[in-house]
Amino acid sequence: MNTAKGIRLNDVLTSSWLLVPMRLYIGVVFLVACVHKIVNPAMFAVDVATYQILPLYLINLMAIVLPWIELAAASMLILGFRARAAAVLTSGMMLVFIVAISVALSKGLQMSCGCFASQGAAEDPISVATVFRDLGWLAISLWIVFFDRKSFGLDYLHARFVQRRHV
Amino acid sequence: MKGIARVIVEAGLVAVLASVVALVFNAVRPEGLSLVADRPYELFVPCPEPLGKVDELSAADAWRAMGRGKILLIDAGSETDFKGWHPEGAWNIPFDYILPVTDGDIRKIASSGASRVIVYGDGSEPDSGRELARELSGRGINNVSFVVGGAQALKAAREAR
């Protein structure tokens, strides 16, 4: 698709000027989200249990493992190291969160999403807006998965280094 | 969109590595969780009760309405408050913010033959009378009203009559 100025849509979607800020944004979101979960795994386990989706034997395992996957994905996105793989992880997690919140909403549960802190339902209740927010983050993550072409970061610097050595 | 399969494999590897780190960290930290919870989590999630529409009624109007037709008056306050004072013929169904009204109470109200149900509570904010009235209405009881100001307003209005 061409615009009047001859800029192709593909150029816009693969532009480092857009992808790097988006990568940093999603990275910071996941970094902030994982901190309280790693510090207070017991509280996060209660948040997971509140959704009433997972069987009891999976709740603690999820509460232990998920925050570290968030941390790994966040670090990779921020550093620009295997950013597309990290975005696959954030996309997968966003998809899981969207399904979980939708199920909770359909059950009429009045609860906090537990995304950034273990708050009560009164302070941070889940709503359709939460689902739309997560859909936005999912869209950005998928954008990175499909259009990131070595935007600035460790992978970019490594590729430049290798190129110079060959020259 | 090149190399998507390779990217997914990389993502899988990162997830596995992160999981191993998570499990090791959890095992060595003093406040680590057991891998499987030994008992169900106690959750405090208010179960949504179906809430219906109710009419507001002033205490004076409530007294006037009691003289017309078959009215069922319900006290949403505690048993102690109910024993302390209640209009003649009133029923006591203490409102609980967590526990729903029992099916037995709903059946009793439905079979009372009353053409109108008037509920009064503590009159505070939120008013237990209003909450109980909304719950009864949501559970299928028709023509439910609540007294604004609750038992205190009802008592004051009677003394003023």
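Right above here is the structure, for reference.
Some details on the overall build of chain B
What chain B contains, in helices and strands, is 6 helices and 5 strands. Within chain B, buried positions represent 35% of all 161 residues. Of the contacts formed within chain B by residues at least 6 apart in sequence, a portion of 69% connects residues at least 24 apart. Total accessible area on chain B is roughly 9,700 Å²; 57% of this is exposed by carbon and sulfur atoms.

A closer look at the nonpolar core
Core analysis: the biggest nonpolar cluster contains 55 residues, and Phe30(A), Tyr51(A), Ile69(A), Leu77(A), Leu89(A), Met93(A) and Ile126(A) have the highest contact counts within it. At the level of elements, helix H2 (16-39), helix H3 (41-50), helix H4 (56-79), helix H5 (83-107) and helix H6 (128-147) of chain A together with helix H1 (4-28) of chain B are the ones that each hand at least two residues to this core. Ranked by size, the runner-up nonpolar core spans 16 residues in total, among them Val101(B), Ile106(B), Leu132(B) and Val144(B).

Brief notes about the side chain of Ser145(B)
Residues and elements named next belong to chain B. Mapped onto the secondary structure, Ser145 falls in strand S5 (residues 144-147). A distance of 3.1 Å separates the side chain of Ser145 from the side chain of Arg116, its partner in a polar contact. For Ser145, the residues in contact, after removing those within four places along its chain, are Asp55, Leu57, Arg116, Val117, Ile118, Val119 and Ala133.

As for the sheet that holds S5(B)
Residue and element names in this part refer to chain B. One open sheet accounts for 5 strands, arranged S1-S5-S4-S2-S3; its pairing is parallel. Two strands bound the open sheet, and with one partner strand each, they are strand S1 (55-57) and strand S3 (91-92). As paired elements, strand S2 (residues 71-75) and S3 share 2 bridges and run parallel to each other. When the sheet's bridge partners are listed, Asp75 is paired in S3 with Asn92.

Thoughts on the interface of chain B and chain A
At the interface, 29 residues of chain B touch 33 residues of chain A. Buried surface at the junction of chain B and chain A, summed over both partners, amounts to about 2,800 Å²; 73% is from carbon and sulfur atoms. At the junction of chain B with chain A, the criterion picks out 1 salt bridge. Ionic pairing is found between Glu10(B) and Arg82(A), a salt bridge with its closest N-O pair at 3.2 Å.

Digging into the pairing of strand S4 (residues 116-120) of chain B
All names here are of chain B. Burial of S4 is extensive: 4 of the 5 residues sit out of reach of the surface. With 5 bridges connecting them, S2 and S4 associate as parallel partners. For Asp75, the partnering residue across the bridge sits in S4 and is Tyr120. As paired elements, S4 and S5 share 3 bridges and run parallel to each other. The residue of S5 that forms the bridge with Val117 is Val144.

Here's the deal with the packing of aromatic side chains
All names here are of chain A. This model, assessed by the stated rule, comprises 4 aromatic pairs over all chains. Between Phe152 and Tyr156, the aromatic rings sit 5.5 Å apart at their centres with planes inclined by 55°, giving tilted as the arrangement. The exposure class of Phe152 is partly exposed, given its relative accessible area of 48%.

Here is what the cut-offs are and how they apply
Residues numbered from 1 in each chain as written. Chains lettered and ligands numbered in written order. Predicted model: local features only at pLDDT ≥ 70, side-chain atom pairs only at ≥ 80, totals over all residues. Heavy atoms only, no water. Helix = DSSP H or I, 4+ residues; strand = E, 2+ residues; numbered from the N terminus. Buried < 20%, exposed > 50% of the residue type's maximum accessible area, 1.4 Å probe, protein only. Contact = heavy atoms within 4.5 Å. Areas by Shrake-Rupley, 256 points an atom, 1.4 Å probe, with all protein chains shown as cover. Core = buried A, V, L, I, M, F, W, Y, C linked by side-chain atoms within 4.5 Å. Polar contact = N/O pair within 3.5 Å; in protein donor to acceptor, adjacent residues only side chain to side chain. Pairing = 2+ DSSP bridges. Buried area = accessible area lost by both parts, 1.4 Å probe. Salt bridge = Lys/Arg side-chain N within 4 Å of Asp/Glu carboxyl O. Phe/Tyr/Trp six-rings, centres within 6.5 Å; stacked < 30°, edge-to-face > 60°.

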